[in-house]
Amino acid sequence: MPSTKMAPAPFSLPASPLINMATATSGTTSVRFAHAPPPFRAVCALPLTKMAPRPPHRRHFVGAEFPSPQLPGSKMALASVLRAELAEFSPNFPKNFPKNFPKNFPEDFPDDSEGIPEILRDPPGPPRVLAAPPWGFEAEPEGPGLQILHGTTTLAFKTPHGVTVAVDSRATAGSYIASQSVRKVLPIGGRMLGTMAGGAADCAFWQRLVARQCRVQELRNKEPVSVAAASKLLANLVYQYKGLGLSLGTMLCGWDKRGPGLYYVDSEGQRVAGAAFAVGSGSSYAYGVLDRGLAAAARSEEAACELARRAIAQAAHRDAYSGGCVRVMHVGPEGWREVSHHDIAELQEKYLE
Amino acid sequence: MSILACNGGAVLAMRGRGCVAIAADRRFGIQAQTVSTDCQRIFPMGQRLLLGLAGLATDVQSVAQRLKFRLNLYELKEGRQIKPQTFMSMVSNLLYERRFGPYYAEPVIAGLDPVSLEPFICSLDLIGCPMVTQDFVLSGTCSEQMYGMCESLWEPDMEPEHLFETISQAMLNAVDRDAISGMGVVVHVIEKDKITTRTLKARMD
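Residues numbered from 1 in each chain as written. Chains lettered and ligands numbered in written order. Predicted model: local features only at pLDDT ≥ 70, side-chain atom pairs only at ≥ 80, totals over all residues. Heavy atoms only, no water.

### What to know about the overall build of chain B
At step 1: Within chain B, the regular secondary structure consists of four helices and twelve strands.
At step 2: Whereas a compact globule of 205 residues would reach a radius of gyration of roughly 17 Å, chain B reaches 16 Å, a difference of no more than 12%.
At step 3: C-alpha atoms of chain B, sized along the principal axes, occupy 45 × 40 × 25 Å.
At step 4: In chain B, which comprises 205 residues, the proportion classed as buried is 55%.
At step 5: Restricting the contact set of chain B to residue pairs at least 6 apart, pairs at least 24 apart contribute 62%.
At step 6: Within the structure as shown, chain B displays about 8700 Å² of accessible surface, and the carbon and sulfur contribution to it stands at 51%. (Helix = DSSP H or I, 4+ residues; strand = E, 2+ residues; numbered from the N terminus. Rg over C-alpha atoms; globule rule 2.2 N^0.38 Å. Buried < 20%, exposed > 50% of the residue type's maximum accessible area, 1.4 Å probe, protein only. Contact = heavy atoms within 4.5 Å. Areas by Shrake-Rupley, 256 points an atom, 1.4 Å probe, with all protein chains shown as cover.)

### Details of the interface of chain A and chain B
Interface size is often expressed as the accessible area that is lost when the parts come together.
At step 1: Contacts between the two partners involve 28 residues from chain A and, on the opposite side, 20 residues from chain B.
At step 2: Carbon and sulfur atoms supply 46% of the area that chain A and chain B bury against each other, a total of about 2000 Å² over both sides.
At step 3: The tally of links from chain A across to chain B stands at three salt bridges.
At step 4: Residue A:Arg170 is joined to B:Asp205 by a salt bridge in which the shortest nitrogen-to-oxygen separation is 3.1 Å.
At step 5: Applying the counting criterion to the chain A and chain B interface returns 16 residue pairs in polar contact (both at pLDDT 80 or more).
At step 6: Looking at the side of chain A that touches chain B, the elements with two or more residues in it are strand E4 (176–179), helix H6 (301–318) and helix H7 (344–351) of chain A. (Buried area = accessible area lost by both parts, 1.4 Å probe. Salt bridge = Lys/Arg side-chain N within 4 Å of Asp/Glu carboxyl O. Polar contact = N/O pair within 3.5 Å; in protein donor to acceptor, adjacent residues only side chain to side chain.)

### Considerations on the pattern of salt bridges
At step 1: One pass over the full model with this rule turns up 18 salt bridges over all chains.
At step 2: Put simply, A:Arg337 and A:Glu301 hold a salt bridge, and the shortest N to O gap is 2.8 Å. Of the two residues, A:Arg337 is situated in strand E12 (residues 335–343) and A:Glu301 in helix H6; the sequence distance between them amounts to 36 residues.
At step 3: Two residues, A:Arg310 and A:Glu306, come together in a salt bridge whose shortest N-O distance is 4.0 Å. In this pair, A:Arg310 and A:Glu306 both sit in helix H6, four residues apart, roughly one turn of the helix.
At step 4: Judged by its relative accessible area of 23%, A:Glu306 is partly exposed.
At step 5: Connected through salt bridges with shared partners, the residues A:Arg170, A:Asp343, B:Arg203 and B:Asp205 form a single ionic network.

### Concerning the UniProt feature "active site" (unreviewed entry) in chain A
All names here are of chain A.
At step 1: With numbering aligned to this structure, UniProt lists the feature "active site" (unreviewed entry) at Thr152.
At step 2: With relative accessibility at 3%, the residue Thr152 sits in the buried group.
At step 3: Reaching out from Thr152, the side chain makes a polar contact with the side chain of Asp168 at a distance of 3.0 Å. (UniProt positions renumbered as here; feature names shortened; annotations may be inferred.)

### Here we look at helix H1 (residues 57–78) of chain B
Residues and elements named next belong to chain B.
At step 1: For H1, spanning 22 residues, the distance from its first C-alpha to its last is 31 Å, which sits close to the expected 32 Å at 1.5 Å a residue.
At step 2: Looking at H1, one finds that the buried residues are Ala57, Asp59, Val60, Val63, Ala64, Leu67, Leu71 and Tyr74. Angularly, the buried residues of H1 cover 140° about the axis, an arc narrow enough to put them on a single face. With respect to the buried face of H1, the exposed residues turned more than 90 degrees away are Gln65, Phe69, Leu76 and Lys77.
At step 3: On its buried face, H1 sits against strand E3 (28–30), strand E5 (42–46), strand E6 (49–55), helix H2 (84–96) and strand E7 (105–112). (Expected span 1.5 Å × (residues − 1). Arc of directions from axis to C-beta.)

### As for the confidence of the model for chain A
Residue and element names in this part refer to chain A.
At step 1: In the predicted model, chain A carries a mean pLDDT of 73, and the fraction of residues at 70 or more is 57%.
At step 2: This model gives residues 1–34 a pLDDT under 50, and the stretch forms 64 contacts once residues within four places in sequence are excluded.
At step 3: Contacts from residues 127–149, a stretch scored under 50 in pLDDT, to residues over four places away or in other chains number 47 contacts. (pLDDT = per-residue confidence, 0-100.)

### Notes on unusual backbone geometry
All names here are of chain B.
At step 1: The backbone phi angle of Gln31 is positive, close to 55°, even though this residue is not glycine.
At step 2: Along the chain, Gln31 falls in the loop between E3 and strand E4 (33–36).
At step 3: For Met183, which is not glycine, the phi torsion reads 60° and is therefore positive.
At step 4: Tracing the backbone through its elements, the reader meets Met183 in the loop between helix H4 (160–175) and strand E11 (185–190).

### Digging into the packing of aromatic side chains
At step 1: All told, the structure shown has four aromatic pairs over all chains when counted by the stated rule.
At step 2: Pairing A:Phe205 with A:Trp206 gives two aromatic rings, centres 5.1 Å apart and planes at 90°, and the pair type is edge-to-face.
At step 3: Considering the side-chain rings of B:Phe136 and B:Trp154, the 6.4 Å spacing of their centres and the 65° angle between planes classify their relative orientation as edge-to-face. You can see B:Phe136 sitting in strand E10 (residues 136–140) and its partner B:Trp154 sitting in the loop between helix H3 (143–153) and H4, a full 18 residues away along the chain.
At step 4: Residue B:Phe136 is classed as buried on the basis of its relative accessible area of 7%.
At step 5: Seen from the ring of A:Tyr351, A:Arg310 lies directly overhead, with NZ or CZ sitting 4.1 Å from the centre.
At step 6: Its end group placed over the ring of B:Phe164, B:Arg198 keeps NZ or CZ at 4.1 Å from the ring centre. (Phe/Tyr/Trp six-rings, centres within 6.5 Å; stacked < 30°, edge-to-face > 60°. Lys NZ or Arg CZ within 6 Å of the ring centre and 35° of its normal.)

### Comments concerning the packing of H1(B) against H2(B)
All names here are of chain B.
At step 1: Relative orientation of the contacting elements H1 and H2 amounts to 130°, with a least axis distance of 11 Å. As far as their axial angle goes, H2 and H1 are oblique. H2 is crossed by H1, and the crossing has right-handed handedness. On H2, the residues touching Val63, Arg66, Leu67, Arg70, Leu71 and Tyr74 of H1 are Thr86, Phe87, Met90, Val91, Leu94 and Leu95.
At step 2: Residues of the contact of H1 with H2, tallied by class, amount to nine nonpolar, one polar and two charged. (Axes fitted to C-alpha atoms, helices over the stretch in contact; angles between N-to-C directions. Parallel < 35°, antiparallel > 145°, perpendicular 65-115°, else oblique. Left-handed = near helix turned anticlockwise from the far one by under 90°. Nonpolar A, V, L, I, M, F, W, Y, C, P; charged D, E, K, R; others polar.)

Spelled out as structure tokens, the structure:
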């Protein structure tokens, strides 16, 4: 009997240092396995030859050809992520330790990554960590691999009135501040917003593409496109380029017939729904303020906007790569609008006394 | 990341008419994270002599403390205040002793000669090469930004008040273009009879 809902597979989420997720307590979080087989007619019917650079050919995995849920290229998924030599899963270790366990683990461990296409494997180098170490970041290996946490702080959270979005506006090149007035929120149609974290060019290009596709769908179906569909479009688009070095950590915020919608989509292929997210190098500091005030913010739109402003201001203070000004936007049933735009230096005079 | 850019920081000194000014930012961070906003980078080394150090925070403190030790011995032996030029040689020697495993700190010296009250500024690199100039010296992670500001704003023979305004503007605007410096600026203006210390309010992001 075909079931559309798979039982959650015992896998570990691919390491994505672009986000520390605040999963909602209200249970709206749903985690989709990024490698789910696409339907026969893919959702993104966009002719890639015309609009976007052609990605290298990828096999579509169907049925038994699924790659195993391990991180491709790793010996033991969780162990490699946690940088342990050997992950101890059994409570009876080492009594149950198999006698024929290879002495030179991990070299001798059977490696099935040969069956996985080159393009889907982890880039070579030290394993990625799930969360940033508390005292700064190590230098990332050069190459088309993932770049950890770009200089920005963006956040969004759902309230009964809609979705409140706040972003900073600093762009850095190394430690040089290239700009203090970057627009990190991109409108997608009149009813949705996409935040920008990661590579600015990547975010701008792909969100514009998604905006175009959403408009086309709106015209065809005579109904505004849902946030879930738009985020799925974006996720599927960037998944084709997985491993090639795109850097995108965006939150799609909108209001559709199901109410407020908030999805986090990144260039690793993650697409997660939730009630509150903060993305970027300053996200940890923003979470500290955000988590504290989420319950109170549900009371009114002004309280929500003020909370968002404070969270960004705190992140800008502590994080070197966030700053400039705070832009707070709100997406409600009638569409999105910009609520306020404050210089962080003025805000901090008010808050940090 | 470069070792000198691990903690961030910037120091700037300017020469005026019968006075010198030295300024430093106040951020102490560990790469992206700001740990505190009251870091001391300028250390008094004599009655009219200040030493500013930019670079790795631990070496900034170590160099300042070792230098103070040597300076105390000097003053006890000589029975007088040290001249800025001599102090510069002392710093240079201390840094070159560690030629093959250097202190990651780049000093800036600003002071008045104890006898003639002639203004003196100089900077050294991390292994002790001294450079004496007549206009301004600087070191830190936003050195390019500071050079740009100083070249535009500095003019010769500035009075103490004008010098204070100039060095403040140069410092504030330079650190606003650097992610790992800032969080406040402290400025010392050394004149023949007093040292005026002011803390500037700056962007705290």
